[in-house]
Amino acid sequence: MREYAGYILGLVSMVLFAYITSFYPQHSWTFFIIYFILMMAFTFATTGRSASRTIRDLEYVKGGTKLLEAKKHTVQKAKLNDPMLVQELKGQSALLLLSFVPVAVFMVIVLVPGLRDAIMNGLSGYFRGMGERMSLFLSYLVFYLLFYMASFGTSIITRVYYSRQGGMLVIPSTYTVTERGIIIDGRTPITFPLKNSDLRVDQERRFVEIRVRAPLSGGAPMSRLRLYHPQVTQLYKILKERLSPEEG
């Protein structure tokens, strides 16, 4: 429901932007500033709730008995011995860059007056005879719609890619496993038991991978937390014992 609400909010905002820009251009910047402030306030409120929960879980996991710890040099050494890692990260990096393309193109069009005017004049040609303001409104609406569709398209591509890969790959530089959970890079906790998660071990490449049906980074709906360690069998045994009963 939250995802659908985001799509609806995006469409409504798009229509409002086009309407204000066309019929009340003198108030455009005021409207954009108010919209930006409201979005930032919503983001801070959401982030605040999430941060308080993260701090609480972090303290809880830290309070458990330490079972295993991987320092930065340990993880880095294991990663260097994985010949397939570079190729895996290339695809993910390219996808990350792709997600910024629509925003970059939009900003260039908005900030370059000649380019923006040329595009708007081209679009307005399709709505001749509908009145100056209505023609301008429909032109802006199509312009914003094209940007929205491009952003939505990259979102779909990202979702499909991560779905086929089993989630976004997250590799911590350091991590600590206690009897209560895992602390990733000293700031992100995952509590035990591991609910709705799958484990995969690769003895040759020296890692245990936890597929978590929750975002750990980048907002992806599913994540693959990859833990590199020289004693990968020991790590796998610790985590396997801490799967939730219904999953394990």
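Look above for the structure.
What this report covers is the structure whose coordinates are included nearby. Residue indices begin from 1 for each chain and proceed along its sequence in written order. Local features in this predicted model are restricted to residues whose pLDDT is 70 or higher, and side-chain atom pairs enter the listing and the counts only when it is 80 or higher, whereas totals over whole chains, interfaces and linings include all residues. As a rule here, side-chain values come from all non-hydrogen atoms in the structure, and water together with hydrogens is ignored.

1. A short note on the overall build of the protein
Working step 1: Working definition: helices are DSSP H or I runs of at least four residues, strands are E runs of at least two. Numbering for both runs from the N terminus. Scanning the protein from N- to C-terminus turns up seven helices and eight strands.
Working step 2: With C-alpha atoms as the basis for the radius of gyration, the globule rule is written as 2.2 Å multiplied by the number of residues raised to the power 0.38. Over its C-alpha trace the protein gives a radius of gyration of 24 Å, far above what one expects of a compact globule, namely 18 Å for 248 residues.
Working step 3: Judged by the C-alpha coordinates and their principal axes, the protein covers about 75 × 40 × 35 Å.
Working step 4: Taken across its 248 residues, the protein has 31% of its residues classed as buried.
Working step 5: Here the contacts in the protein between residues at least 6 apart in sequence split such that 65% fall between residues at least 24 apart.
Working step 6: Charge counting treats Lys and Arg as positive and Asp and Glu as negative, with His and both chain ends excluded. Where a charge sits is defined by one atom per residue type, namely NZ (Lys), CZ (Arg), CG (Asp) or CD (Glu). For the protein, the separation between the mean place of its 29 positive charges and that of its 17 negative charges on side chains is 2 Å. Buried, partly exposed and exposed residues are distinguished by accessible area as a fraction of the type maximum, computed with a 1.4 Å probe on protein chains only: under 20%, between the cut-offs, and over 50%, respectively. Contact criterion: two residues are considered in contact whenever any of their non-hydrogen atoms come within 4.5 Å of each other.

2. Overview of the sheet that holds strand 4 (residues 181-184)
Working step 1: Whether two strands pair comes down to DSSP finding at least two bridges between them. Read across the sheet, four strands follow the order 1-3-4-5 without closing on themselves; strand pairing throughout is antiparallel. A strand with exactly one partner marks an edge of an open sheet, and here the two such strands are strand 1 (66-70) and strand 5 (188-191). Between one strand axis and the next, the sheet turns through 15° on average, direction left out of account.
Working step 2: Relative to strand 5, strand 4 runs antiparallel, the two being bridged by four bridges. By the bridge assignment, I184 is partnered in strand 5 with T188.
Working step 3: Here helix 7 (residues 232-240) sits on the sheet and contacts strand 1, strand 3 (175-178) and strand 4; the angle it forms with strand 1, its principal contact strand, is near 135°. Structural elements are reduced to axes, namely lines fitted to C-alpha atoms, with helices fitted over the stretch in contact, and the angle between N-to-C directions of any two is expressed from 0 to 180 degrees.

3. Quick word on the packing of helix 4 (residues 85-111) against helix 5 (residues 113-124)
Working step 1: Helix 5 packs onto helix 4 with a crossing angle of 100° between their chain directions and a minimal axis gap of 5 Å. Classified by the angle their axes make, helix 4 and helix 5 are roughly perpendicular. Packed against helix 4, whose contacting residues are V108, I109, V110 and L111, the element helix 5 presents P113, L115, R116 and I119 at the interface.
Working step 2: In the scheme used here, Gly and all other residues not listed as nonpolar or charged are polar, with Ala, Val, Leu, Ile, Met, Phe, Trp, Tyr, Cys and Pro taken as nonpolar and Asp, Glu, Lys and Arg as charged. Here the contact of helix 4 with helix 5 is built from residues that sort into seven nonpolar, no polar and one charged. Angles are sorted into four bins: roughly parallel if under 35 degrees, roughly antiparallel if over 145, roughly perpendicular if 65 to 115, and oblique for all others.

4. Focus on the sheet that holds strand 7 (residues 207-212)
Working step 1: Ordered by their spatial adjacency, four strands build an open sheet running 2-8-7-6, and the pairing between neighbours is mixed. Edge positions in the sheet fall to strand 2 (168-170) and strand 6 (197-202), since each of these pairs with one other strand and no more. Averaged over all pairs of adjacent strands, the angle between their axes in this sheet comes to 20°, without regard to strand direction.
Working step 2: Here six bridges tie strand 7 to strand 8 (residues 223-228), and the two strands are oriented antiparallel to one another. Residue pairing for strand 8: V208 is matched across the bridge by L227.

5. Considering the side chain of D82
Working step 1: Tracing the sequence through the fold places D82 in the loop between helix 3 (72-80) and helix 4.
Working step 2: Of note is the side chain of D82, whose polar atom sits 2.7 Å from the side chain of R205.
Working step 3: Not counting chain neighbours up to four residues away, the residues in contact with D82 comprise R205, F207, R226 and Y228. Residues adjacent in sequence count toward polar contacts only when both atoms are side-chain atoms; beyond that, a polar contact is any pair of N or O atoms within 3.5 Å, and within protein one must be able to donate a hydrogen and the other to accept it.

6. Details of helix 6 (residues 132-165)
Working step 1: A helix is expected to span 1.5 Å for every residue after the first. A rise of 1.5 Å per residue sets the reference length of helix 6, with its 34 residues, at 50 Å; its end C-alpha atoms lie 50 Å apart and thus fit the reference within 8%.
Working step 2: Listing the buried residues of helix 6 in full gives S135, F137, L138, S139, Y140, F143, Y144, T154, T158 and Y162.
Working step 3: Following helix 6 by one or two positions, G166 has its phi on the positive side, about 90°.

7. Digging into the nonpolar core
Working step 1: To form a nonpolar core, buried Ala, Val, Leu, Ile, Met, Phe, Trp, Tyr and Cys residues must be joined to one another through side-chain atoms within 4.5 Å. With 28 residues, the main nonpolar core has Y175, V177, I182, I210, L227, L235 and L239 as its most contacted residues.
Working step 2: Of all the elements in the fold, those that place two or more residues in this core are strand 1, helix 3, strand 2, strand 3, strand 4, strand 7, strand 8 and helix 7.

8. Regarding the environment of T188
Working step 1: Relative to the helices and strands, T188 is located in strand 5.
Working step 2: The sequence separation of T188 and D57 amounts to 131 residues, and the corresponding C-alpha distance is 8.7 Å.
Working step 3: Setting aside residues up to four positions removed in sequence, T188 forms contacts with I182 and I183.

Any functional reading would require information that these geometric values do not contain.
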